[in-house]
Protein chains: 2
Amino acid sequence: MPTPPGPFTGRTLIDLARDLRDGSTTAAELTGLALDAIAALDPGLNAFVTVDAQGALDAARRADEELAGGTDRGPLHGIPVGVKDLIRVAGLPATMGSRHFAGYVPDTDAACVTRLRRAGAVIAGKTTTHEFAYGATGDRSANGPSRNPWDPSRMSGGSSGGSTAAVAAGMIPLALGTDTGGSVRIPAALCGIAAFKPAYGAIAPDGVFPLSRTFDHVGVLASDAAGCRLAYAALTSPFSATHSSTASPSGAHPSAAPPSDTRPSAARVAWLDPAGLFDGDARVTDAVRAVAGPMEEVRLPVGAGEELREIYSVVVSCEAAEVHAERLTKAPELFGQELRERLGAAATLPGWRYVRAMAARERPAAAVRALFDRHDVLALPAVPFTAPPLDQRAMDLNGRQISVLTALFALTSPWNVLGLPALSVPAGLVDGLPVGLQLVCRPGNEHLLFETAITRAG
Amino acid sequence: MPTPPGPFTGRTLIDLARDLRDGSTTAAELTGLALDAIAALDPGLNAFVTVDAQGALDAARRADEELAGGTDRGPLHGIPVGVKDLIRVAGLPATMGSRHFAGYVPDTDAACVTRLRRAGAVIAGKTTTHEFAYGATGDRSANGPSRNPWDPSRMSGGSSGGSTAAVAAGMIPLALGTDTGGSVRIPAALCGIAAFKPAYGAIAPDGVFPLSRTFDHVGVLASDAAGCRLAYAALTSPFSATHSSTASPSGAHPSAAPPSDTRPSAARVAWLDPAGLFDGDARVTDAVRAVAGPMEEVRLPVGAGEELREIYSVVVSCEAAEVHAERLTKAPELFGQELRERLGAAATLPGWRYVRAMAARERPAAAVRALFDRHDVLALPAVPFTAPPLDQRAMDLNGRQISVLTALFALTSPWNVLGLPALSVPAGLVDGLPVGLQLVCRPGNEHLLFETAITRAG
């Protein structure tokens, strides 16, 4: 565990929902704990860009009044939450981690923030994002790097590094992030929490600053899989309006019913050999596999890994270069050097390679569909090694020099390319640093994904 | 009329279908007429790359046997047809207009050719295409330029120049073409026949060599709109199997019933000011508008024309460069000089511009949807001038120098960008050369499009 523990360390969303309803805590108390923890812990971690103490306390008071009055908005009601600074929250600055957006304050909420508010969540503040979310290290941002709570000299991973560090340090129990190539799952794995990237489009991207529209997803981060499941349900449930407890026999929102975690999972789970995607640290692979438990092993066809990396890299490069074309021409000096160089290279990639990459998705998609004919869930590590030191860009692994930037998303980005639901859950430690078990399914089988995570990895 | 007239000059598909069924002609006779006309007229027009005399005579004999035996495959039964050399016909060479495909003989039919055969059509041969269909002039092809039957020193237009010249000269009554930016409608307008490009995807592109997959369409060419309608119905009807005359009360395929051309059209037709897309020859605009008749006038928003041209140019360039990337690297010398230079430039277009162009389609699409809220059919010229001389690439128009390559598809390519059904029908002569009236509708309103063409332009 990171030391010192925060007020939400070891308390799950399910615990908090129960405590709020049995009178052993209030939203105001939870919010106060969060604000105090941020004040105490955040200077060493840099998880937050903006803290909205007054707004959070006001929202918490309203949440308590509603609960006291019999209005229960479900499992997020009264829960303090952090929102990645790439996602618009009305009235709060949104820097996108960039000097280009210094002073920018949106006047509307992103769609996912509207959903959060309707679900009764209390927005505590905005969390550090890697500059424009274009980087999985989390250590390049206009407001500085977010740090890993297990070892602040190491990277949190990113790009949703602040959301992750805040939950991992126990400052808040829940956060929103975005995930284009692994940007919630990578930091979650490196910091020892859970993160879920839903199927493409399952959470509307409106109001979220784009990186690569074909692969961008909104995701959720919590200490465990069950917390991610609750948050995902709240963000996608058709029950978005207020429900009165008098109208609901259980006295709560339908999705607030405790999940039936104890029955054995019916999911057919297979281990996907990660070597087909990236030749990672064997100790990480072994640790993750031990947590996953015994299961049949499957492989991707030869060449699929390289194909998926090429597709991911070309599509993200061209789409990010499109997003930033005018900024790159008119005010390149406002980018950090690393991003400016990456975007400069991306802007010269020829269009025919983008066309080819988009069409090339069908082959790996067919290969993975074939795996899902016989298996419901694929298991593999989320990241092929543990958190590197801040600013590290190259490392020796298995006798060769690798690019940290590229290797970080080697095991997560395939599921963005294919638009598949993917969850990372804590899977123990290697050298005292967390590693993550990643589970992948096809859209519609999310219940099996969460069941598998809860029964196998707690 | 082009001189000399061919055997199908002045005979519509409806005439031929009637003559075949009342015993006044046979498929074998029609095929013999076509083959004789090709032998006599094609040396001066170069409409055909390959003539399949034996295959056509065999197919005609079978068609006659079927009709005599009571099996009627509908309005194309026994009709000689030409197929653009970009479309695969099993057993016949498919050059794509390129030296890269010299000697290539596919062993399967394109999906649209399978439909043609099931409809009983008789494939007379393969028609000249502009090299890889990348050009609206029709005068660059490995087997030489196709020529305009109204004046063989002028271009037919393209890229379906051979299919058009063959129908316009009366060698055959029907042909298949492809249309990525106007490649059936442009030559049809310049050569005085009708051509229909259906909604995107309405005719499957399988077995058709791609130019730009986002904009590629299969289209049909006939002497008049009613002929295009019959062919379109035959290529898209779910009644693709043989129908016995004993099973059908009318003694023929349902779509063979003569269209009710005489009732007044209920379509709300508007004139779309072509100046919003291109500043063309006013004499052409006036002539076309006179044929279209009195109607309300509508305009595109300022800037929409330029936006549509940019989208078209960027998307086609990148997609064509993708199709030809390996040929351009490994055997550039097999391209004609003009295409080699165009593809070389296209291969350097940055991917972010492609991304932006694809996303930019929504704005003009919304503007055109708004026009279709109040109108069913938009009318405008198909081409902003009459057929230029072969090889002409620049001309003075309205006091400025224009690019013939670009200007030819200025009025047709918007409907490829938007995927809308578009028909060109003959609209008289200017300076003794044909001009075309183009009609556009939204998918599902094709019946109104054809009704409008038949009632307004005959």
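The structure presented is a predicted model; accordingly, all values stated were derived computationally and were not measured. (Residues numbered from 1 in each chain as written. Chains lettered and ligands numbered in written order. Predicted model: local features only at pLDDT ≥ 70, side-chain atom pairs only at ≥ 80, totals over all residues. Heavy atoms only, no water.)

Novice: What is the right way to look at the packing of helix α7 (residues 225-236) of chain B against helix α15 (residues 446-457) of chain B in this model?
Specialist: Geometrically, a packed helix pair is captured by the angle between its two axes and the distance between the axes. Residues and elements named next belong to chain B. Between α7 and α15, the least distance of the axes is 9 Å, while the angle of their chain directions is 155 degrees. By the angle between their directions, the pair α7 and α15 is classed as roughly antiparallel. Here A225, A226, C228, R229 and Y232 of α7 come into contact with α15, specifically with E446, F450, A453 and I454. Taken together, the residues of the contact of α7 with α15 sort by class into 7 nonpolar, no polar and 2 charged. (Axes fitted to C-alpha atoms, helices over the stretch in contact; angles between N-to-C directions. Helix = DSSP H or I, 4+ residues; strand = E, 2+ residues; numbered from the N terminus. Parallel < 35°, antiparallel > 145°, perpendicular 65-115°, else oblique. Contact = heavy atoms within 4.5 Å. Nonpolar A, V, L, I, M, F, W, Y, C, P; charged D, E, K, R; others polar.)

Novice: So what exactly am I meant to see when it comes to the confidence of the model for chain A here?
Specialist: Regions with low pLDDT should not have their predicted coordinates read in detail. On average, residues of chain A score 94 in pLDDT, and 94% of them reach the 70 mark or higher. In the predicted structure, residues 240-262 of chain A sits below a pLDDT of 50 and forms 28 contacts with residues beyond four places in sequence or in another chain. (pLDDT = per-residue confidence, 0-100.)

Novice: Sorry if this is basic, but what is going on with helix α2 (residues 27-45) of chain B here?
Specialist: Residue pairs three or four apart in sequence face the same way in an α-helix, which turns once every 3.6 residues. Residues and elements named next belong to chain B. Its maximal kink placed at A39, α2 deviates by approximately 40 degrees, while the proline P43 follows within four residues. Here α2 has its buried residues at A27, L30, T31, A34, L35, A37, I38, L41, D42 and L45. Just past α2, the residue N46 takes up positive phi, approximately 60 degrees. (Bend = angle between axes of the 7 residues up to and from the residue. Buried < 20%, exposed > 50% of the residue type's maximum accessible area, 1.4 Å probe, protein only.)

Novice: Mind showing me how you'd approach the relation of the copies chain A and chain B here?
Specialist: Mapping between the two chain copies consists of a rotation about an axis together with a translation along that axis. The operation relating chain A to chain B is a screw motion whose rotation component is 180 degrees, with 0.0 Å of axial translation and a residual RMSD of 0.0 Å. The operation mapping one copy onto its partner corresponds to a two-fold rotation axis. Across chain A, the smallest distance between a C-alpha and the rotation axis is recorded for G351(A), namely 1.7 Å. A share of 100% of interface residues in chain A that are also interface residues in chain B marks the association as one of identical surfaces. (Least-squares fit on C-alpha atoms with pLDDT ≥ 70 in both.)

Novice: What's the story with the environment of M358(A) in this structure? I'm lost.
Specialist: All names here are of chain A. With respect to the element layout, M358 can be found in helix α12 (residues 351-360). Taking C-alpha positions, M358 is 7.0 Å from I311, a pair spaced 47 residues apart along the chain. Ignoring sequence-local partners within four residues, the contact set of M358 consists of T214 and V315.

Novice: What's the story with the nonpolar core in this structure? I'm lost.
Specialist: In a soluble, globular protein the nonpolar side chains are often hidden away together inside. The biggest cluster of nonpolar side chains holds 140 residues, and the ones touching the most others in it are L408(A), W415(A), L408(B) and W415(B). For this core, the element with the highest residue contribution is helix α9 (residues 304-330) of chain B, accounting for 13 residues. (Core = buried A, V, L, I, M, F, W, Y, C linked by side-chain atoms within 4.5 Å.)

Novice: Can you help me understand the packing of aromatic side chains in this one?
Specialist: Two measures describe an aromatic ring pair: the distance that separates the ring centres and the angle between the ring planes. One pass over the full model with this rule turns up 21 aromatic pairs over all chains. Arranged with centres 5.9 Å apart and planes meeting at 55 degrees, the rings of F132(B) and F335(B) form a pair that is tilted. You can see F132(B) sitting in the loop between β4 (122-127) and β5 (147-148) and its partner F335(B) sitting in the loop between α9 and α10 (337-346), a full 203 residues away along the chain. Linked through ring pairs, F101(A), Y104(A), F132(A), F209(A) and F335(A) together constitute an aromatic cluster. (Phe/Tyr/Trp six-rings, centres within 6.5 Å; stacked < 30°, edge-to-face > 60°.)

Novice: Would you take a moment to explain the interface of chain A and chain B for this structure?
Specialist: Many structure descriptions define interface size as the accessible area lost when the parts assemble. Taken together, the contact between chain A and chain B spans 14 residues of the former and 14 residues of the latter. When chain A packs against chain B, the two sides together hide about 1300 Å² of surface, and 61% of this comes from carbon and sulfur. On the chain A side of the interface with chain B, the three residues burying the most area are E322(A), W352(A) and R356(A), jointly 42% of the side's total. The tally of links from chain A across to chain B stands at 4 salt bridges. Where R356(B) meets E322(A), a salt bridge forms, and the shortest distance between an N and an O atom there is 2.7 Å. (Buried area = accessible area lost by both parts, 1.4 Å probe. Salt bridge = Lys/Arg side-chain N within 4 Å of Asp/Glu carboxyl O.)

Novice: I'm lost on the environment of R456(A) in this one. Help?
Specialist: All names here are of chain A. Along the chain, R456 turns up in helix α16 (residues 446-457). You can call R456 partly exposed: its relative accessible area is 33%. A C-alpha to C-alpha distance of 7.1 Å links R456 and G293, two positions 163 residues apart in sequence. With residues near it in sequence (within four places) discarded, R456 still touches V269, V291, A292, G293, P294 and M295.

Novice: What's the story with unusual backbone geometry in this structure? I'm lost.
Specialist: A negative phi holds for most residues other than glycine; trans holds for most peptide bonds. Residues G158(A) and S159(A) are joined by a peptide bond in cis, for which omega reads 10 degrees. Of note, S159(A) is situated in the loop between β5 (151-155) and α5 (161-168). The phi dihedral of N46(A) falls on the positive side, at around 60 degrees, and the residue is not glycine. With respect to the helices and strands, N46(A) occurs in the loop between α2 (27-45) and β1 (48-51). Here M96(B), not a glycine, exhibits a phi torsion of approximately 60 degrees, which is positive.

Novice: Any chance you could explain the pairing of strand β8 (residues 194-197) of chain B here in plain terms?
Specialist: A regular strand carries its side chains on alternate faces of the sheet. Residues and elements named next belong to chain B. Of the two faces of β8, the one lined by A194 and F196 and the one lined by A195 and K197 are each fully buried. With 3 bridges joining them, β8 and strand β9 (residues 218-222) adopt antiparallel strand pairing. Bridge pairing in β9 links A195 to L221. Here 3 bridges tie β8 to strand β16 (residues 422-430), and the two strands are oriented antiparallel to one another. Within β16, the residue paired with F196 across the bridge is L423. (Pairing = 2+ DSSP bridges.)

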